[in-house]
Amino acid sequence: TGKVRWKQVAPAKTLEAFHAVGSPASSTPACNGSQVFSFFGSYGLLCYDLDGKLLWERPMGPFQDEFGASSSPVLFDGKVFLNEDHDINSFLIALNQKTGEVVWKTERTEATRSYATPVVFDNHGRTELLVAGSLQLAAYDPKDGQKLWWYDGLSRLVDSTPLIVNGEIYF
């Protein structure tokens, strides 16, 4: 019907700095059928039930980049994955969907200010998490965050998300 079922305000004390063409709310929420996960660069990751009750929260940031944080949460195998590439302190993180506890966190020291959302990829039977970032497309193991392989040659700022079709990566 388009009728609003519930509405919550992100509890940020201040908005992150962002360019005039950026936004402090550019991430897309994710839902697993019973939980809604929303990320805001000005606050962090919030998890609600389908009635709008806050289940858990994971404050993060503030982050330093020009256009605001924009990578969206990705759900797989009971985890919430979030890529946060900024001017400093870039990382890829996996959180437990039920509790919000950190399962693993991988520093991305080579990555700066990129905005792409991770993609789950079945690479001939091995599940990988693809992350496009500054200068590099990289694959990580979703179980432990270990970097599996990478391809150099991307631009310094990346905001495109890889597309998987018939087992091939288009980027």
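Located above this text is the structure these notes cover.
Residues numbered from 1 in each chain as written. Predicted model: local features only at pLDDT ≥ 70, side-chain atom pairs only at ≥ 80, totals over all residues. Heavy atoms only, no water.

Student: Can you help me understand the state of the cysteines in this one?
Tutor: Defined simply, a disulfide is a covalent bond joining two cysteines at their sulfur atoms. In the structure shown here, the tally under the stated rule is zero disulfides. With no disulfide of its own, Cys31 has Cys47 as its nearest cysteine by sulfur position, at a separation of 9.4 Å. For Cys31, a relative accessible area of 46% gives the class partly exposed. (Disulfide = S-S within 2.5 Å. Buried < 20%, exposed > 50% of the residue type's maximum accessible area, 1.4 Å probe, protein only.)

Student: Got a minute to help me understand the side chain of Ser72 in this structure?
Tutor: For Ser72, the location among the structural elements is in the loop between strand E4 (54–59) and strand E5 (74–76). A polar side-chain atom of Ser72 sits 2.8 Å from the main-chain amide nitrogen of Thr28. Not counting the four nearest positions on each side in its chain, Ser72 is found in contact with Ser27, Thr28, Phe81, Leu82, Thr117 and Pro118. (Helix = DSSP H or I, 4+ residues; strand = E, 2+ residues; numbered from the N terminus. Polar contact = N/O pair within 3.5 Å; in protein donor to acceptor, adjacent residues only side chain to side chain. Contact = heavy atoms within 4.5 Å.)

Student: Even after reading the chapter, I still don't get the pattern of salt bridges, so can you show me in this structure?
Tutor: Two side chains carrying opposite charge are able to pair once their charged atoms lie near each other. With the rule as written, the count across this model stands at three salt bridges. Of the charged contacts, one joins Lys79 and Asp77 as a salt bridge, the two residues approaching to 3.4 Å between their closest N and O atoms. Lys79 gets classed as buried once you look at its relative accessible area, which sits at 10%. Overall, the relative accessible area of 53% leaves Asp77 in the exposed class. (Salt bridge = Lys/Arg side-chain N within 4 Å of Asp/Glu carboxyl O.)

Student: Would you mind going over the pairing of strand E12 (residues 147–152) with me for this structure?
Tutor: Consecutive residues of a regular strand have side chains that alternate between opposite faces of the sheet. One ladder, built from five bridges, connects strand E11 (residues 136–140) with E12; its direction is antiparallel. Bridge pairing links Leu137 to Tyr151 in E12. Taking the residues between adjacent antiparallel strands as the criterion, E11 and E12 are bridged by six residues, where Gly145 takes a positive phi near 80 degrees. (Pairing = 2+ DSSP bridges.)

Student: Honestly, the sheet that holds strand E8 (residues 102–107) in this entry has me stumped. Any pointers?
Tutor: Adjacent strands of a sheet form backbone hydrogen bonds with each other and so pair up, either parallel or antiparallel. Taken in spatial order, the four strands of this open sheet run E5-E6-E7-E8, and their pairing is antiparallel. Looking at which strands have only one partner, the edges of the open sheet turn out to be E5 and E8. Averaged over all pairs of adjacent strands, the angle between strand axes in this sheet comes to 20 degrees, irrespective of strand direction. (Axes fitted to C-alpha atoms, helices over the stretch in contact; angles between N-to-C directions.)

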